[in-house]
Amino acid sequence: MGHMRPAMTARTLRTPKDLADAGLVAPERLAELEGVAARYAVAVTPAMVELIPDNDAMARQFVPNEAELQTTSDELADPIGDDAHSPVSGVVHRYPDRVLLKANHACAVYCRFCFRREMVGPDGVRPMSAAQLDAAMAYIAADPAIWEVIVTGGDPLILSPRRLADLMARLARIPHVKIVRFHTRVPAVEPERVTAELVAALQAPGKTTWVALHANRAEELTPAAAAACARIVDAGVPMVSQTVLLKGVNDEAAALEALMRRFVELRIKPYYLHHADMAPGTSHFRTTLAEGQALMRDLRGTVSGLCQPTYVLDIPGGHGKAPVGPCYATDGEVTDPQGQAHRYPPGD
């Protein structure tokens, strides 16, 4: 369905009434949406509010829906098993050479499909205390195998430049940490936050910083978002992308092609296309693996190799990511991007 043109807003919308006042939801839906908002946080920034009218794919990402209260038996509060791999509060150590550091648990926007939706938001897990951050840094410093720290949350780029600079200064004192990667939506959903001061705060001597931007539709990468990304890349910080495959949002080849091309145009290398996780109340977003694989085949045959993300599934229960894209080779046969099979080696 279409959406009414919203009243101009200069603030983030945080309640169903805010959304109704802005013309993004019908007033008669308020009672049911209040039930959704009581369980899962709501926030839609002005940049995203402008994109929602007449764009159901954008609305589906950010506007709460009654379907979120329908939980299936196979959905999990911790779908990728963070807790099972958390040696100290705020740290997830699933792979030998890298850890997640959950610097905070708030976001600029709250995605309706979030795999950490039980933990983020104003009523979610509390931010790390000073003592917890000390313990997290001590854990990272004590393990020389940790080469990369992935700063996530929540969204770490909603932290002040002062706090980000302090975090980087502490990581800079750990010699075996070489890479610091920030996972964020901020450059797209709140681009004005990406100031020169914030970009400088992401860097520290002796460390290589990367920024991974989460976006799911090309429309999110507005001129303002493009400028924010340019401020990051021009400062010498490379960027990669993360996208979630979502039914009704980007589960068509044309939508993914446009998004991946837009990333590359902005000097952002497509990195992961995530199969949607088994988070509570998100079954209306999930495609099948076969549908995702078919979309990846379409991408391979249509767009530049620069535009190819890796299609991955976070195996429920904390077993890690596995690539789940289509297979093009079997013993003695290879399939080309047009679907034609060829013997290999040719003379066999």
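These notes cover the structure that comes with them. (Residues numbered from 1 in each chain as written. Predicted model: local features only at pLDDT ≥ 70, side-chain atom pairs only at ≥ 80, totals over all residues. Heavy atoms only, no water.)

Now for helix 5 (residues 130–142). Between its first and last C-alpha atoms helix 5 spans 18 Å; for 13 residues at 1.5 Å apiece the expected length is 18 Å, and the two agree. Among all positions of helix 5, only Leu133, Ala136, Met137 and Ile140 are buried. Projected down its long axis, helix 5 carries its buried residues within an arc of 95 degrees, all on one side. Residues of helix 5 that are exposed and point over 90 degrees away from its buried face: Ala131 and Ala142. Those residues of helix 5 that are buried are in contact with strand 1 (91–95), strand 2 (98–102), strand 3 (148–152) and helix 6 (161–172). (Helix = DSSP H or I, 4+ residues; strand = E, 2+ residues; numbered from the N terminus. Expected span 1.5 Å × (residues − 1). Buried < 20%, exposed > 50% of the residue type's maximum accessible area, 1.4 Å probe, protein only. Arc of directions from axis to C-beta. Contact = heavy atoms within 4.5 Å.)

Here His93 is to be found in strand 1. Side-chain polar atoms of His93 contact the backbone oxygen of Pro96, separated by 3.3 Å. Once you skip the residues sitting within four places of it in the chain, His93 turns out to touch His85, Pro87, Arg98, Val99, Tyr139, Asp143 and Ile146. (Polar contact = N/O pair within 3.5 Å; in protein donor to acceptor, adjacent residues only side chain to side chain.)

Turning next to the environment of Ala254. Along the polypeptide, Ala254 turns up in helix 10 (residues 253–265). Separated by 45 residues in the primary sequence, Ala254 and Leu299 place their C-alpha atoms 9.0 Å from one another.

This part takes up the pattern of salt bridges. Within the structure shown, the criterion is met by 13 salt bridges. Its salt-bridge partner being Arg112, residue Glu68 comes within 2.9 Å of it at the nearest N-O pair. One end of the pair, Glu68, is in the loop between helix 4 (56–62) and strand 1; the other, Arg112, is in the loop between strand 2 and helix 5, with 44 residues separating them in the sequence. Residue Arg170 pairs with Asp134 through a salt bridge whose shortest N-O separation is 2.5 Å. Within this pair, whereas Arg170 is found in helix 6, its partner Asp134 is found in helix 5, the two being separated by 36 residues in sequence. (Salt bridge = Lys/Arg side-chain N within 4 Å of Asp/Glu carboxyl O.)

This part takes up the sheet that holds strand 11 (residues 333–335). The three strands lie next to each other as 10-11-12, forming an open sheet whose pairing is antiparallel. Each having just a single partner strand, strand 10 (329–330) and strand 12 (341–343) make up the two edges of the open sheet. Summarising the sheet, strand 10 and strand 11 pair through two bridges and their orientation is antiparallel. Within strand 11, the position partnered with Thr330 by the bridge is Glu333. (Pairing = 2+ DSSP bridges.)

What follows concerns the sheet that holds strand 7 (residues 268–275). Taken together, nine strands build an open sheet; the order of strands is 1-2-3-4-5-6-7-8-9 and the sheet is mixed. Single-partner strands in this sheet number two, and they are strand 1 and strand 9 (321–323). The mean angle between the axes of side-by-side strands here comes to 25 degrees, regardless of whether they run parallel or antiparallel. Alignment of strand 6 (residues 239–245) against strand 7, held across seven bridges, turns out to be parallel. Paired with Ser241 across the bridge in strand 7 is Pro270. Sitting on the sheet, helix 6 touches strand 2, strand 3, strand 4 (179–184) and strand 5 (208–214), and the angle it makes with strand 4 is about 150 degrees. Relative to the sheet, helix 11 (residues 289–302) contacts strand 6, strand 7 and strand 8 (310–314), its axis offset from that of strand 8 by approximately 165 degrees. (Axes fitted to C-alpha atoms, helices over the stretch in contact; angles between N-to-C directions.)

All we've got here are geometric facts, nothing functional implied.
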